[in-house]
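Architecture at a glance
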Amino acid sequence: MKIKISLLVALATMFATFAFGQTESKRPADLVAQNKTKTQSFQKVDLFNIDLVTTKAVAGIETNIEEYDLFDIDEAALETVRREMPAEMTLDIPLNFTQNMELELVAVDIFSSDFTVVQRSDNSVVDVDMGLHYRGIIKGDNNSIASISIFGDEVMGLISSDQGNLVIGKLQNKLSDSKHIIYDDFAVITDIGLDCGTIDDGIGYKRKDLEFDETKATGDCIRLYIEVDNDIHNDKGGVTGATNYITGLMNQVITIYANENIASVVSQIVVWNVTSPYSSTSSSGMLSDFQANISSINGNLGQLFSYQASGGIAAGFSGICNSNVDNSLCFSSIDASYATVPTYSWSVMVASHEFGHLWGSRHTHACVWNGNNTAIDGCAGQTEGSCSLPGYPSQGGTMMSYCHLQSVGINFNEGFGPQPGNVIRNSVTNATCTSPCGPPTCDDGIQNQDETGVDCGGSTCPACPTCDDGIQNGDETGVDCGGSDCAPCPCYDNGVTLTINLDNYPEETSWIIRNSGGTTVASGGTYGSQPDGSTVVEVACLVDGCYDFIIYDSYGDGICCGYGNGSYILTDDSDGSTLASGGNFGSSETTNFCVTGTPTIPGCTDPNAHNYDPNANQDDGSCETCTDGVQNGDETGVDCGGALCDACPTPIPGCTDPNAHNYDPNANQDDGSCETCTDGVQNGDETGVDCGGALCDACPIPGCTDPNAHNYNPIANQDDGSCETCTDGVLNGDETDVDCGGALCAPCGGGGCT
């Protein structure tokens, strides 16, 4: 889809609303909105001066690039941004002298806390200026994404909206050191093309793979390890130039994944500043070379960038937390430029596409989607598999498609699309080897650091709810009872138990119990967090009456017997009789049942308790007794006095601490008068504050404790540094000269006859 610059101007004036989810979003639009709540306004920045003089021929721009503008960088303004590093900014992109597109941007850190740049010649860590990186949107367009990176005198970026993609970068010629271009990338991506060598394995996705609960956090951070081939190093003028080029691309890749609410960072970049072992002419050969050269990576996924070969390839569809590092690697052949214009968007598309495979997604033209093993689109001109060929998506293709080959193109703000995006989100959520991007917090939705539960417990977070804290919290249905962790709450009416043997799609199963008035009194499901084919047990407490038990399957095929042998049974706890059962149904199945029983009267059933209830037939744990360690009932003291307990002893006040100076063995009521060796007061027989006497440690006696010193004090127990010795460089004691003579030191002058 071709983008029209004039349409982008219109987009910049649009206003769209956005509803925040229950978990903190990583999407660019949400990032901007969140930062707007923290600051009055974004700093306005003008970096570009539009150039309406230089012609396409002089600039060397290909004739098929129709929509573009040339800029000169305002070097003073750029230096101000680099120096001040604004946390938020509104960046003006001039499209002509009177019209601007504004980007609302927030500074982001795309690197892990242990990030390094390594040059392969000696495997040393290189200090490189990593530039400034921003993420955001076109002002007023919450469906857009923008990614901007600033290095020295260069700005590189990618902007995408419903209308298509724009690339910002420096012209790849000697026209001017500061000459930049913004252009519609449609012609470039179409001309260069993409041939992905990742082979489809024909394994279709289950429905649960294609769905994602948007209220859940999307898991931890994916760490990305990058290797940069020697040809890029040479083309970009060294380690710094190659690193800046790749980190600018990765800022754009990470923005695309962030728009899917997935967090990722670059954990290490290795630059081949010497000849690399990568020399194949095919993408599969380059991947094999990469795998042969790698035994481990500082990251969860790894990618090799090179100008060699063409296209890209990934090792498969299960790269995250794979025990074999070879299966966590991919390769992308990128182009430095298309004639004189930078091809960032095409390189970003290739890199995002190959990472997408490792994240778990297959091509959109593979016969694995929609829950019925069909394809999402037909942009490749054929399907991978034997399903029918669909049409083209009118809104443009997504990252895992080949729609760059067709007139609809690929729109980066469409991201991966719902189904591939959900596959990737589920892959991250289910990962077991990942960790947060930043420092752990008590509200990140993850159990990390020393937390004993999700965002609770440990040294910094609030205590986790327990089943004995005397509070109804967590998912408890009563105080310290019910829910997923505590024992069921006592049922004083009619208890029923539901046992469900789930099929292979537990995320489709739910149920309710509805009374005769149409009110739902118990419910459960769906059970997407449970393993396929597992068993769940639910309980409910019902008053006398008749009810409908209704079990649902959202797909409409029941829980038996096409996709597993599921079943359910609802029983009466009083006699074990079956109230409802089944498994082979369609969208739902309803069974009416009735329950009656002897009324339960809860209370204290202990006749020796203060609050004994002779009418109670079920003890509720409320008994107040003479042995419960609490003063209750008519007790006049703890467990003493009153009608039922023994009389309380006559109080004898005094010090009850046997280690105190004034301990009174007859006292049975401490009156706070104890005098101890730790009360900070000189009392009892102490000779000093909390020291000396019969009970406390001896008081310190300062002096010289060195027996070889002139002034040794045999009764001192605390050296005060006053010792005068034969080695202190001072004439003291009975010495006749410095450190010689006298009773203890060697004779002066060496001694002996001369």
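Cut-offs and rules
- Residues numbered from 1 in each chain as written.
- Predicted model: local features only at pLDDT ≥ 70, side-chain atom pairs only at ≥ 80, totals over all residues.
- Heavy atoms only, no water.
- Pairing = 2+ DSSP bridges.
- Helix = DSSP H or I, 4+ residues; strand = E, 2+ residues; numbered from the N terminus.
- Axes fitted to C-alpha atoms, helices over the stretch in contact; angles between N-to-C directions.
- Domains from an automatic or database assignment.
- Buried area = accessible area lost by both parts, 1.4 Å probe.
- Polar contact = N/O pair within 3.5 Å; in protein donor to acceptor, adjacent residues only side chain to side chain.
- Nonpolar A, V, L, I, M, F, W, Y, C, P; charged D, E, K, R; others polar.
- Disulfide = S-S within 2.5 Å.

To continue, consider the sheet that holds strand β11 (residues 164-170). With respect to topology, 10 strands assemble into an open sheet ordered β1-β4-β5-β8-β9-β10-β11-β12-β3-β2, the strand pairing being mixed. Looking at which strands have only one partner, the edges of the open sheet turn out to be β1 (43-46) and β2 (48-51). Taking the axes of each pair of neighbouring strands and ignoring which way they run, one obtains an average angle of 25° across the sheet. Bridge count for β1 against strand β4 (residues 88-94) is four bridges, and the pairing is parallel.

With that settled, consider the domain arrangement of the protein chain. When the domains of the protein chain are assigned, the result is domain 1 (28-108 + 130-186), domain 2 (207-430), domain 3 (494-595), domain 4 (601-643), domain 5 (650-699) and domain 6 (706-753). Spacing between the C-alpha centres of domain 1 and domain 2 amounts to 24 Å. Between domain 1 and domain 2, a total of about 2,600 Å² is buried, with carbon and sulfur atoms accounting for 58% of that surface. Across the contact surface, domain 1 and domain 2 share 14 residue pairs in polar contact (both at pLDDT 80 or more). Those elements giving two or more residues to the side of domain 1 that touches domain 2 turn out to be β8 (132-138), β9 (141-151), β10 (154-161), β11 and β12 (179-184). In terms of residue count, β9 provides more of the side of domain 1 that touches domain 2 than any other element does, eight residues in total. Split by residue class, the side of domain 1 that touches domain 2 holds 19 nonpolar, 16 polar and six charged.

Across all of its chains, the model carries 19 disulfides by this definition. One disulfide bridge connects cysteine 467 with cysteine 486, the sulfur atoms lying 2.0 Å from each other. As the torsion about the S-S bond is roughly -95°, the cysteine 467-cysteine 486 disulfide counts as left-handed. Note that cysteine 467 is positioned in the loop between α10 (418-429) and β20 (494-501) and cysteine 486 in the loop between α10 and β20, a separation of 19 residues in sequence. Here cysteine 196 is not cross-linked by a disulfide; its sulfur's nearest cysteine counterpart is in cysteine 330, at 9.5 Å.

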